[in-house]
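Report on the structure
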Amino acid sequence: MPFGLKNAGATYQRLKNKIFSELIGKTVEVYVDDILANTARPDDLLSDLDGVFSSLRQHGMRLNPLKCAFTMEAEKFLGFMITQRGVEANPEKCQAVIQMKSPGCIKDVQRLAGRLTALSRFLGASAARVLPFFNLMRKGMTFEWTPACEEAFNHFKKILAAPPVLGKPRAGEPLYLYLSVTEEALAAVLVREEGKTQQPVYFVSRVLQGPELRYSKLEKLALGLLISSRRLRQYFQSHRIVVRTDQAIRQVLQKPDLAGRMMTWAIELSQYDLQYEPRHAIKALAMADFLVEVTGDPLEETGTRWRLHVDGASNQTSGGAGVILESPAGVIYEQSTKFEFPVSNNQAEYEALLGGLILAREVGATKVEVCSDSQVVTSQVNGSYQARDPRLQKYLEKVKEITSQFQEVIVQHVPREKNTRADLLSKLASTKSGSGNRSLIQGLVKEPTVALHLTKSSPSWLDPITNFLKLGKLPEDEKAAKVITRFGIPEVVISDNGTQFTDKKFMEFLSGLGIKQRFSSVEHPQTNRQVEAANKVILLGLKKRLDNKKGTWADELVSVLWSYRTTEQSATGETPFCLTYGVDAVIPVEIGEPNPRLLLAGMSEAVEKDLVEETREMAHLSETALKQRIALPND
C-alpha cells in the first residue's frame, strides 16, 4: 500500500471493494477502514459472518479484535446509527444542537450552521429554513438575532428531538422523488414505498445563488431534479426514479429543440431511468414539514382560466417567438424559441401562437386567454379579417384545430406596451443564437409548423421525355416515339425541382412535337418592357453618380439599387420593395434613430398588417388609371 501518498485512501478503498465485491450491498458495507456486516434475520448471522471471514482469509487480511463488535442491534457507521429500522441520526449530534443556546455572535451562528449541515439529510427543506442564519453571516452585516432567526432555530430543535428514520432501498425497487421550490431555495425528498406506507430515503436542499434566483419556477424545478441526481447518484444509477410532479418538467426536458442550459441538463439526465407521474399526497408523518406545494395544485384549478402572452419577431433570415403562460395560481412558464428558417412578421406571430397553445395543452390548461399585439393574427382568428394569403390560411386552420382541444380559448388584441415581456423574448430569440441565451429556456425550430404542399400537375408533354430519360421507356404512340428517336434527346438536367433543357436545338425538337411558339423563345422570352425601363432608371442613376469615373460603377450599384427599390413609383404610388415583400425596407440606423419616413402616418399599420395582396391590387389599379389618363386625347 502506498501509505503517505495522496491516493492512498482511494487505493485502499479499491482494494476493499475487490475483496468484498460479492457482498457489498447485500450483507456488507465498506468505507475505507470501516466494515459493517449486517443481517436481516438473527438465524442468518453466522452464515453471513462466515462469508465475510472467508473473503478476509482468501486475501490474507487480519482484523483487530479490540475494534470489532458482534451481535449489535445498533451501531455507528460514518457518523450515523444503523439499526433494523434503517438509518437514524446520531443522538450525540442531535443533542449538540438541542442543547445550544441562542447564538450571540457570528461564531455561534457559524457553529450552528455547521452542525445543521452535518444533519441536513434528515432535515426537509432545511435550506429555506436556514436562510435567516445565512443572512447573518454575510459580510458587512451587523449581527442581530431576529425573531425569524429564533423561530427557525426552534424549528430545527423540534425536528431533531425526534428525527426521521431514513429507509434503505431494496434492490430493484422504484424510488419516488418529490420536488419543491421557493423564491430563494429548492428542496427534494427521495421516498420508498412499501404497501401503503412511505419512508424517506434522503432529503436534499440547496440555497439558490446568483443568476439562479432569476430562473423561472419551471427552471428551478428542473435544477432541483438535476441537483438531486448529482447528490443521489448512487440511487439514480441503481433504481428507477419516478418524479412526482404536476409541473411540465417532462415536456420541457424531452423537447428535441432545446438549446443552451436546458439542453445540457436534459442530456445529463438522459442517462438515468426517469419516469414522471402526477403528484400524490405524501403520507409519511416524518415528511409533513416538507414543502411539496409549489404554487397550488393545478388539478384543483380545472375550469379556471390561464393567461397566455405571445409575440413573434422576424428578420431577413430567421425569427423568434416569445411565450409566457401564467396559471391562475401564479406559476409562470416562459419559453423563447428561435426559428432557423425565414419567416414573415405574421408567420412568426402565428408560430408564437401555436407554440403557446401547445405549451398550454401540455401543462393541462383547459381554458386559455390569449393576449397578442398582432392585430392581423387576432382578427383572423376571431373572424374579423379574412386570411387571403395561402400560408396564413394554413396557419389559421392549424390554430382552429388546436383550439378545438380546449374547453375555451379567448384571443384578444393588446397594445404592445402590455406585451413587453413576450416581445423581449421573441426579439432575443430572433437576434441571438441559442447558445448565447443561457438565462432562458430556449428552443430551436428548424421547419415551419405548416407548409404549402404542391399538388401533382396534370399530364404534360414532358412526361414521355422524362419517362424515357429515367426509365428508358418510349411512348406507345409511334409518332411521339419516332420524334424522340429521330431528333434525339436534348441535353437536360433532371432533378426533384423539374426538368431543365439546355440544348440549343430545343426549338427544332419542340417543332417536331408539334409545339409552336410565336411570340417568345426559350432563350429570349418576350416581356412588357418593364425590365428595360428599370434598367434605364438604374443606368441614369449610375451616370449621375459616376461623372468621369466610369470604372467604379460596381461600387455605386448597391446604393443606386437601394434608392430605386425604396422610392415610390409615380405609376403605382408604392415602392418596388413594398410590392415584393409587403413592407418597406428599413435599415438598422432607422431603427435606432427613426427618420421622417418612419414617422409618417400609416407606416406602423403597414408594418403591422400583412396587406401585400391589397397593396399590389391598389398599385395595379393606380397604374391602370395612369395609363388610361395618358391614352386620353389632349383637349
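What counts, and where the lines are drawn
Residues numbered from 1 in each chain as written. Predicted model: local features only at pLDDT ≥ 70, side-chain atom pairs only at ≥ 80, totals over all residues. Heavy atoms only, no water. Helix = DSSP H or I, 4+ residues; strand = E, 2+ residues; numbered from the N terminus. Buried < 20%, exposed > 50% of the residue type's maximum accessible area, 1.4 Å probe, protein only. Contact = heavy atoms within 4.5 Å. Areas by Shrake-Rupley, 256 points an atom, 1.4 Å probe, with all protein chains shown as cover. Phe/Tyr/Trp six-rings, centres within 6.5 Å; stacked < 30°, edge-to-face > 60°. Lys NZ or Arg CZ within 6 Å of the ring centre and 35° of its normal. Polar contact = N/O pair within 3.5 Å; in protein donor to acceptor, adjacent residues only side chain to side chain. Axes fitted to C-alpha atoms, helices over the stretch in contact; angles between N-to-C directions. Parallel < 35°, antiparallel > 145°, perpendicular 65-115°, else oblique. Left-handed = near helix turned anticlockwise from the far one by under 90°. Pairing = 2+ DSSP bridges. pLDDT = per-residue confidence, 0-100. Core = buried A, V, L, I, M, F, W, Y, C linked by side-chain atoms within 4.5 Å. Expected span 1.5 Å × (residues − 1). Nonpolar A, V, L, I, M, F, W, Y, C, P; charged D, E, K, R; others polar.

Check the secondary structure of the protein and you find 25 helices and 19 strands. Of all 635 residues assigned to the protein, the portion counted as buried reaches 39%. Intrachain contacts of the protein at a sequence separation of at least 6 include 64% that bridge at least 24 residues. Of the roughly 37900 Å² of accessible surface on the protein, a fraction of 53% belongs to carbon and sulfur atoms.

Time to look at the packing of aromatic side chains. This model, assessed by the stated rule, comprises 5 aromatic pairs. Ring geometry for Trp 145 against Phe 153: centres 6.1 Å apart, planes inclined by 85°, an arrangement best described as edge-to-face. A relative accessible area of 1% means that Phe 153 is categorised as buried. Positioned over the ring face of Tyr 176 is Arg 244, at 4.0 Å from the centre of the ring.

Within the secondary structure layout, Glu 194 lies in strand 7 (residues 185–194). Looking at Glu 194, the relative accessible area reads 40%, which means it is partly exposed. A sequence separation of 21 residues divides Glu 194 from Glu 173, and the C-alpha atoms of the two residues are 9.6 Å apart. Within the structure, the side chain of Glu 194 is placed 3.4 Å from the side chain of Arg 170, a separation counted as a polar contact.

Two quantities define a packed helix pair, namely the angle between the axes and the distance from one axis to the other. Orientation of helix 19 (residues 530–546) relative to helix 20 (residues 553–565), taken along the N-to-C sense of each, is 125°, at an axis distance of 9 Å. On the basis of the axis angle, helix 19 is oblique to helix 20. Crossing of helix 19 against helix 20: the hand is right-handed. Mapping the contact onto sequence places Ala 534, Val 537, Ile 538, Gly 541, Leu 542, Arg 545 and Leu 546 in helix 19 and Trp 553, Glu 556, Leu 557, Ser 559, Val 560, Leu 561 and Tyr 564 in helix 20.

Within a sheet, neighbouring strands are paired by backbone hydrogen bonds and run either parallel or antiparallel to one another. Read across the open sheet, the 5 strands follow the order 8-7-6-9-11; overall the sheet is mixed. The outermost strands of the open sheet, each flanked by one partner alone, are strand 8 (197–207) and strand 11 (274–277). Averaged over all neighbouring strand pairs, the angle between strand axes comes to 25°, with direction disregarded. Where strand 6 (residues 175–181) lies against strand 9 (residues 241–244), 4 bridges are found, and the strand directions are parallel. Of the residues in strand 9, the one forming a bridge with Leu 177 is Val 243. Where helix 8 (residues 217–231) meets the sheet, it contacts strand 6, strand 7, strand 8, strand 9 and strand 11, and its direction lies at approximately 135° from that of strand 6.

So, about the confidence of the model for the protein. The predicted model of the protein has a mean per-residue pLDDT of 75, with 76% of residues at 70 or higher. Taken as a whole, residues 518–523 scores under 50 in pLDDT and shows 8 contacts with residues more than four places along the chain or in a different chain. Within the model, the stretch residues 601–609 combines pLDDT values under 50 with 19 contacts to residues more than four positions away or in other chains.

Residues Leu 177 and Leu 225 are the most contacted members of the largest nonpolar core, which totals 68 residues. Among the elements that make up this core, the one with the highest residue count is helix 12 (residues 345–362) (8 residues). Not counting residues up to four positions away in its chain, the partners in contact with Leu 225 are Leu 177, Leu 179, Phe 236, Val 243, Ile 249, Leu 253, Leu 269, Leu 274 and Tyr 276. Residues Cys 94, Leu 112, Leu 119 and Phe 203 belong to the second largest nonpolar core, which totals 28 residues.

Here we come to the pairing of strand 1 (residues 28–31). What you see with strand 1 is a clean split: Val 28 and Val 30 sit on the buried side and Glu 29 and Tyr 31 on the side with no burial. Between the end of strand 1 and the start of strand 2 (residues 34–37), which pair antiparallel, lie 2 residues, with Val 32 showing a positive phi angle near 55°.

Next up on the list: helix 12. Residues lying three or four places apart along an α-helix face the same way, a consequence of the helix completing one turn every 3.6 residues. Taking 1.5 Å of rise per residue, 18 residues should cover 26 Å, and helix 12 covers 26 Å from first to last C-alpha, within 8% of that figure. Extensive coverage of helix 12 is indicated by the burial of 13 of its 18 residues.

Orientation of helix 3 (residues 91–98) relative to helix 7 (residues 147–161), taken along the N-to-C sense of each, is 150°, at an axis distance of 9 Å. By the criterion of interaxial angle, the relationship of helix 3 to helix 7 is roughly antiparallel. Crossing of helix 3 over helix 7 shows left-handed handedness. Two secondary-structure elements touch here, helix 3 through Cys 94, Val 97 and Ile 98 and helix 7 through Phe 153, Lys 157, Leu 160 and Ala 161. For the contact of helix 3 with helix 7, the class distribution of residues is 6 nonpolar, no polar and 1 charged.

One can find Lys 101 in the loop between helix 3 and helix 4 (106–118). Residue Lys 101 is classed as exposed on the basis of its relative accessible area, which comes to 73%. Between the alpha carbons of Lys 101 and Leu 112 there is a distance of 10.0 Å; along the sequence they are 11 residues apart.

Our next topic: the environment of Ser 426. Here Ser 426 is to be found in helix 15 (residues 420–431). We classify Ser 426 as buried; its relative accessible area is 0%. A sequence separation of 106 residues divides Ser 426 from Gly 320, and the C-alpha atoms of the two residues are 4.8 Å apart. Not counting residues within four places of it along the chain, the set of residues in contact with Ser 426 comprises Asp 311, Gly 312, Ala 313, Gly 320, Ala 321 and Gly 322. Looking at Ser 426, its side chain comes within polar contact range of the main-chain oxygen of Asp 423, at 2.7 Å.

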